[in-house]
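# Working through the structure, step by step
Chain by chain, the residues run as shown.
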Amino acid sequence: MYRIIKKRQLTDVIYLMDIEAPLVAKSGLPGQFVITINTEKGERIPLTICDLDKEKGTVTIVFQTVGASTLELAAMNEGDELFGFVGPLGKASDLIEMSDAELKEKKVIFIAGGVGSAPVYPQAKWMHEHGYKCDVILGARSKNIIILEDELRKVCDNLYVCTDDGSYGFKGNVCDMLKEVINKEGKSYNHCVCIGPMIMMKFACLLTKQLGIKTIVSLNPIMVDGTGMCGACRVLVDGKVKFACVDGPEFDGHLVDFDGAMKRQRIYATEEGRAKLRFEEGATHHGGCGHCGGK
Amino acid sequence: MDRMKRTPIREQDPKVRATNFDEVCLGYNEEEAVQEAQRCLTCKNPQCVKGCPVNINIPAFIAQLKEKNFEGAAKEIAKYSALPAVCGRVCPQETQCEGKCVLGIKGEPVSIGKLERFTADWSNENNIKLAEVEPANGKKVAVIGAGPAGLTCAGDLAKKGYAVTIFEALHKAGGVLVYGIPEFRLPKDKVVAKEVENIKKLGVKIETNVIIGKTITIDELFEEGYDAIFIGSGAGLPKFMNIPGETANGVLSANEFLTRVNLMKGFKEEYDTPIHVGKKVVVVGGGNVAMDAVRTSLRLGAEATIVYRRGMEELPARAEEIHHAKEEGVIFNTLTNPTEILVDDQGNVTGIKCVKMELGEPDASGRRKPVVVPNSEFVIDCDMVIMSLGTSPNPLISSSTKGLETNAHGCLIAQDETGLTTRENVYAGGDAVTGAATVILAMGAGKHAAAAIDAKLSNK
Ligand SMILES: Cc1cc2nc3c(=O)[nH]c(=O)nc-3n(C[C@H](O)[C@H](O)[C@H](O)COP(=O)(O)OP(=O)(O)OC[C@H]3O[C@@H](n4cnc5c(N)ncnc54)[C@H](O)[C@@H]3O)c2cc1C
Ligand code: SF4
Ligand code: FES
């Protein structure tokens, strides 16, 4: 079970994998996520579903190597098997729940930042397959972190690419790009789905609020079980505690407490960093670097 | 021998065990067990049995122990309980069987729990076969959740010849027994894994990593040909207090903390799950879960404090756990209630603001209601706060299943005797029905439902 069918390195730190998981492939919907467990002793890693192939029974995931567990996953190869692959978790995207009449009213802009293009892709694809129009803004710090550009181009009407350093496409961040598209190209939108780093979603939401565009964000807070048992994934939305794994992962971006959520994400930063060092340096790790406290 | 006094139980020294995760209680050996069994009066009208939620014939199994017939004792218990090695360790005996034992009137009640534990461990060590499996009857039953309720229901049905599959959301079977109750109280390999193995030996299949309501729905299970379904999905989502500072770094639920440590083995070098342990940890709550969290943080090196709004007398945890926690050096701040979690500019916990409480008039539940003492505010310095305030039901299954109704609290509605829900051929039991309760009640509910499912399906 859970065999890695395909592995593709998209950038030096971002990987794509097709995992054999027929039950998840059968019931998964855009917007939902899975939890992967590399080995019996591994961590539970939540990852958004990037694509599904019901016939082949595979689920596509895209991840960036940020800690020891994602590094370990990146080191696995086609044919290897994951110890666990659980899902689909969370609620499906709002768009999928809407009626045809509602969807026809929507002028949708997707904003994808960095690895955020992975969760945006299945939603844009779903819109395309069901005959609805949408535009996509794809932003990253630099050209080498732009992923899934070709895939996205096929499923949207207009794809706008931007990089912070101007190495590819428009020079500027996704907010600059959105202003440009609206002001210079005369586009108008009434629904935005914005997925990417927390800080990007925060600023994009400030802008869309000004512009009066309803905005949905997808959060990926710390998770343990992903089934609503532990409360690790709680976020403050409209002043109320919500569990991202059962109430989300998508929320109204104008109501999310991003500052609180960003602080929470840092909790395990040091421990994760330490585990990463231990993994990378293996038996040669002696704790002399001064960064890890010798652990 | 003084009949009024219990045979002492051997335990790890408090100073030593406060730094390890090995089991606190070492249990009786054969001589000690027989000696303790001799104290039982084998009452004609045994009060202990009335105190036992599943009415184990206690004097009968103890009578076997007196004769050194340990196998006979194990078989006697097996008529009523599927998880004696677990229950002997975690049941609140002082309010159940032992609370009713007549010896308790003048002296100390028989150590029924410790005798049950001895019997079950002996039977596991000697690989005693406690049940025969009837020939396959061609009927299929799906069980949701591999906690005490689900395991028991599955085991009983398998013995009757049903093909049973358990679907479990997590990557390991056992429910609270693996992710909640810590190693030092309930050893995972020696006891829990063994119980799960025993259930598998009866022919039960366990599919981990499958979430019913998400991966597969109840309707799809019926379409796949299951004749009946039992839901034992547990208590659900942890509650928080809704006080300022609660989303700060260093505030977590007992479920998260214990899961990281127990299931994900955050305390072991070779496991990857990060666990951040504070230097000074405050656990809010007074139940078994709170005791487990506080004693776990103590073992991970923290100064560990309980904050509880009622008094020592009212702590709902098992008496033995409170006693052990005190011995190990846990600080108890009772009649104290948090009002705010203090946070630095990085969002990290620095302390917890509390008020003193006193007990007023009894409330609807009959417990005396704590009321705030005016001007009693004070701060406890700490860098981690663990909330252990109970749970509210998880809507995953009820919201994805038509015809499955819940009560005002969100718990599944199920008949007392049979566990039948509001939907035909769907049964439920354990914490999913009662809200957070006990292992023995969950086990009992699994047993009742198994009997009801068998009655229903064999009449067809
Ligand atoms: C820390 C702690 C300490 C405790 N101490 C004691 C004690 O000392 N004595 C005592 O008697 N009781 C104690 N309890 C309570 C006792 O553990 C529970 O009452 C008992 O485990 C309930 O059993 P259950 O089978 O109903 O549920 P659980 O043990 O919760 O098992 C439910 C299982 O279902 C799975 N599940 C949930 N949803 C789904 C789904 N949709 N699909 C598939 N699987 C699903 C869960 O992952 C879990 O494995 C304690 C509880 C905790 C948390
Ligand atoms: S009440 Fe006490 S003495 Fe009487 S049978 Fe039960 S355990 Fe033995
Ligand atoms: S991840 Fe545990 S409740 Fe959401």
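Residues numbered from 1 in each chain as written. Chains lettered and ligands numbered in written order. Predicted model: local features only at pLDDT ≥ 70, side-chain atom pairs only at ≥ 80, totals over all residues. Heavy atoms only, no water.

Looking now at the overall build of chain B. Each helix and strand in chain B was counted, giving 19 helices and 16 strands. Relative to the compact-globule value of 23 Å for 460 residues, chain B shows a C-alpha radius of gyration of 23 Å, a close match. With the C-alpha coordinates aligned to their principal axes, the bounding extent of chain B is approximately 65 × 60 × 50 Å. Counting across all 460 residues of chain B, residues that qualify as buried make up 57%. (Helix = DSSP H or I, 4+ residues; strand = E, 2+ residues; numbered from the N terminus. Rg over C-alpha atoms; globule rule 2.2 N^0.38 Å. Buried < 20%, exposed > 50% of the residue type's maximum accessible area, 1.4 Å probe, protein only.)

What follows covers the site of ligand 1. All names here are of chain B. Around ligand 1, the structure places 35 residues, and the nearest of them are V90, A149, E168, R185 and D431. At a separation of 3.1 Å, a nitrogen atom of ligand 1 approaches a polar backbone atom of A169. Interatomic distance of 3.2 Å between a backbone N/O atom of A437 and an oxygen atom of ligand 1. Summarising the interface, the protein chains cover 95% of the accessible area of ligand 1, which totals 1000 Å² for the free molecule. Counting only elements with at least two residues in the shell around ligand 1, the list comes to α10 (148-159), α11 (176-179), α15 (288-299) and α19 (439-458). Of all the elements, α15 adds the most residues to the shell around ligand 1, at 3 residues. When grouped by side-chain class, the residues that make up the shell around ligand 1 number 20 nonpolar, 10 polar and 5 charged. (Near = heavy atom within 4 Å. Polar contact = N/O pair within 3.5 Å; in protein donor to acceptor, adjacent residues only side chain to side chain. Areas by Shrake-Rupley, 256 points an atom, 1.4 Å probe, with all protein chains shown as cover. Nonpolar A, V, L, I, M, F, W, Y, C, P; charged D, E, K, R; others polar.)

Our focus in this paragraph is the interface of chain B and chain A. Size of an interface, as often reported, equals the accessible area lost when the parts are brought together. Contacts between the two partners involve 42 residues from chain B, matched on the other side by 44 residues from chain A. Buried surface at the junction of chain B and chain A, summed over both partners, amounts to about 3600 Å²; 56% is from carbon and sulfur atoms. For the pair chain B and chain A, the interface holds 10 residue pairs in polar contact (both at pLDDT 80 or more). Looking at the side of chain B that touches chain A, the elements that each hand over two or more residues are β5 (237-238), β6 (251-253) and α14 (254-262) of chain B. Counting residues per element, the side of chain B that touches chain A draws most heavily on α14(B), which supplies 4 residues. Residue composition of the side of chain B that touches chain A, grouped by class: 16 nonpolar, 17 polar and 9 charged. (Contact = heavy atoms within 4.5 Å. Buried area = accessible area lost by both parts, 1.4 Å probe.)

To continue, consider the nonpolar core. The biggest cluster of nonpolar side chains holds 78 residues, and the ones touching the most others in it are I58(B), F61(B), L115(B) and I453(B). No other element matches the 9 residues that α19(B) contributes to this core. Excluding its chain neighbours within four sequence positions, the residues that come into contact with I453(B) are V141(B), C153(B), L157(B), Y162(B), A228(B), F230(B) and Y427(B). Residues V86(A), V235(A), V284(B) and I352(B) belong to the second largest nonpolar core, which totals 59 residues. (Core = buried A, V, L, I, M, F, W, Y, C linked by side-chain atoms within 4.5 Å.)

Residue and element names in this part refer to chain A. The 7 strands are arranged β10-β9-β8-β7-β11-β12-β15 in an open sheet whose pairing can be described as mixed. Every interior strand has two partners, whereas the edge strands, β10 (170-171) and β15 (250-252), have only one. Bridge count between strand β9 (residues 158-163) and β10: 2 bridges; the pairing is parallel. Considered in β10, the bridge of C162 is made with F170. (Pairing = 2+ DSSP bridges.)

All names here are of chain A. Along its sequence, chain A is carved into domain 1 (2-89) and domain 2 (109-211). On a C-alpha basis, the centres of domain 1 and domain 2 stand 24 Å from each other. Contact with domain 1, which involves 15 residues of that partner, is made by 13 residues of domain 2. Here domain 1 and domain 2 share an interface that buries about 1100 Å² over both sides, 68% of which is from carbon and sulfur atoms. Ranking the residues of domain 1 by area buried against domain 2 places P30, C50 and D51 at the top, with a combined share of 36%. Where domain 1 touches domain 2, the interface holds 2 salt bridges. Salt-bridge contacts for D51 lead to K125; the nearest nitrogen and oxygen are separated by 2.8 Å. One can count 2 residue pairs in polar contact (both at pLDDT 80 or more) joining domain 1 with domain 2. (Domains from an automatic or database assignment. Salt bridge = Lys/Arg side-chain N within 4 Å of Asp/Glu carboxyl O.)

Residues and elements named next belong to chain A. A sheet is described by the order of its strands in space; here 6 strands give the open sequence β1-β2-β5-β4-β3-β6, paired in antiparallel fashion. Pairing within the sheet leaves two strands with one partner each, and these edge strands are β1 (4-9) and β6 (84-89). Taken over all neighbouring pairs, the strand axes of this sheet differ in orientation by 30° on average, direction set aside. Looking at chain direction, strand β2 (residues 14-20) and strand β5 (residues 58-64) are connected through 7 bridges and run antiparallel. By the bridge assignment for β5, E20 is matched with T58. Packing of helix α5 (residues 117-129) onto the sheet brings it into contact with β4 (44-53) and β5, and relative to β4 it is tilted by some 30°. (Axes fitted to C-alpha atoms, helices over the stretch in contact; angles between N-to-C directions.)

Turning next to the pattern of salt bridges. Residues and elements named next belong to chain B. Using the criterion set out here, one finds 40 salt bridges over all chains in the structure. R89 serves as the salt-bridge partner of E23, at 2.7 Å between the closest nitrogen and oxygen. Of this pair, E23 sits in the loop between α1 (14-17) and α2 (30-38) while R89 sits in helix α6 (residues 84-90); the two residues are 66 residues apart in sequence, bridging distant segments of the chain. Here K447 and D156 are joined by a salt bridge, their closest N and O atoms 3.0 Å apart. Within this pair, whereas K447 is found in helix α19, its partner D156 is found in helix α10, the two being separated by 291 residues in sequence. Neither residue differs from the other here; K447 and D156 are each classed as buried. Three or more residues joined by partner-sharing salt bridges are found here, namely R17, K114, R185, D292, R295, R299, R318, E320, E321, E327 and E328.

Right, let's get into helix α16 (residues 319-328) of chain B. All names here are of chain B. The set of residues buried in α16 consists of E320, E321, I322, H324, A325 and E328. Looking at the buried side of α16, the elements it contacts are α1, α9 (112-125), α15 and β9 (331-333). Downstream of α16 by a residue or two, G329 has a phi angle that is positive, lying close to 105°.

For the structure on display, the rule yields 8 aromatic pairs over all chains. Ring geometry for W126(A) versus Y132(A): centroids 6.4 Å apart, planes at 20°, classification stacked. Between F167(B) and Y226(B) the ring centres are 6.2 Å apart and the planes differ by 80°, which places this aromatic pair in the edge-to-face class. Of the two residues, F167(B) sits in strand β2 (residues 163-167) while Y226(B) sits in the loop between α13 (218-223) and β4 (228-231), which places them 59 residues apart along the sequence. (Phe/Tyr/Trp six-rings, centres within 6.5 Å; stacked < 30°, edge-to-face > 60°.)

We now examine a nonpolar patch on the surface. Together, I199(A), F203(A) and L206(A) give the surface a local cluster of nonpolar side chains, amounting to about 290 Å² of exposed area. One can find I199(A) in helix α8 (residues 198-211). (Patch = residues over 30% accessible without salt bridge, like charges linked within 9 Å, V, L, I, M, F, W, Y side chains within 5 Å.)

On to the packing of α2(B) against α9(B), then. To describe two helices that pack against each other, one gives the angle between their axes and the distance between the axes. Residue and element names in this part refer to chain B. Where α2 meets α9, the axes come as close as 10 Å, and the angle between the chain directions of the two elements is 140°. Between α2 and α9, the crossing angle belongs to the class labelled oblique. Classified by chirality, the crossing of α9 by α2 is left-handed. Residue-level contacts link E30, A33, E36 and A37 of α2 to L115, F118 and W122 of α9. By residue class, the composition of the contact of α2 with α9 is 5 nonpolar, no polar and 2 charged. (Parallel < 35°, antiparallel > 145°, perpendicular 65-115°, else oblique. Left-handed = near helix turned anticlockwise from the far one by under 90°.)

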